[in-house]
Amino acid sequence: DCKINPRAIGIQFYTVTGATLEKDVKNIRLEYEPTITISPYISFGGIEKNASKPINEKLSYYGFTGNIQLGIGTLGNGKAGAFSINKTTINAECKDTSEELTITFNPTEIGVYTEKIVLSNGETVTLYGECSKCVQTTLAVDNNKISYTSVGLTWNKVEDKDLSGY
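Residues numbered from 1 in each chain as written. Predicted model: local features only at pLDDT ≥ 70, side-chain atom pairs only at ≥ 80, totals over all residues. Heavy atoms only, no water.

Chemist: Help me out: how do you make sense of the sheet that holds strand E4 (residues 67-72) in this one?
Modeler: Backbone hydrogen bonds hold the strands of a sheet together, and the pairing may be parallel or antiparallel. Taken together, the 5 strands give an open sheet; going across it, the order is E2-E9-E8-E4-E6, and neighbouring strands pair in mixed fashion. The open sheet terminates on both sides in strands that have one partner only, identified here as strand E2 (41-48) and strand E6 (89-91). Across this sheet, the average inter-strand angle for adjacent strands is 15°, counted without regard to direction. Two elements, strand E8 (residues 111-119) and strand E9 (residues 124-132), share 8 bridges in a ladder whose sense is antiparallel. Across the sheet, the residue bridging to Lys116 is Thr126, located in E9. (Pairing = 2+ DSSP bridges. Helix = DSSP H or I, 4+ residues; strand = E, 2+ residues; numbered from the N terminus. Axes fitted to C-alpha atoms, helices over the stretch in contact; angles between N-to-C directions.)

Written out as structure tokens, the structure reads:
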């Protein structure tokens, strides 16, 4: 069984020492397995409720004779809709290239989110993100209210009714 690298640009023949090879080679057909390369796991870390975090991910491919389909299903923990992808179809016809995908995490509930991107060749990419109750704010120290036993702080009032767990 002879395998030829699909990126090969020529074929070299070897003969016994002293022999010569004069042969025209025609109609060579290379067949190889279509390949997709993408990270199998993408973590968004933690973000706040109703915030949005995009991540760019490179998808490389070669050997396809049609389109690559990408879909985000409900294969994770049932919190569908928190992840989105900017492309669901890639025209991969006879190309050896890559595409930049933008995958966005936009949680609407507090909790842990997992989901999978399913590619048309059966491969999957696991997505992971967390949504916390924490609301970013800045604390300011009042230099006039610092002593050996206390410090004076100021911050903005948070108007989020979902902070009942604090």
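There is more to say, and it comes next.
Chemist: Help me out: how do you make sense of the pairing of E9 in this one?
Modeler: Each regular strand displays side chains that alternate between the two surfaces of the sheet. Along E9, the buried face is formed by Val125, Leu127, Gly129 and Cys131; none of Thr124, Thr126, Tyr128, Glu130 and Ser132, which line the opposite face, is buried. Where E2 meets E9, 6 bridges bridge the pair, whose relative direction is parallel. In the strand pairing of E9, Ile47 is matched with Cys131. The turn joining E8 and E9, which pair antiparallel and follow one another in sequence, is formed by 4 residues; a positive phi near 95° is taken by Gly122. (Buried < 20%, exposed > 50% of the residue type's maximum accessible area, 1.4 Å probe, protein only.)

Read these as layout, nothing more, since geometry by itself doesn't imply function.
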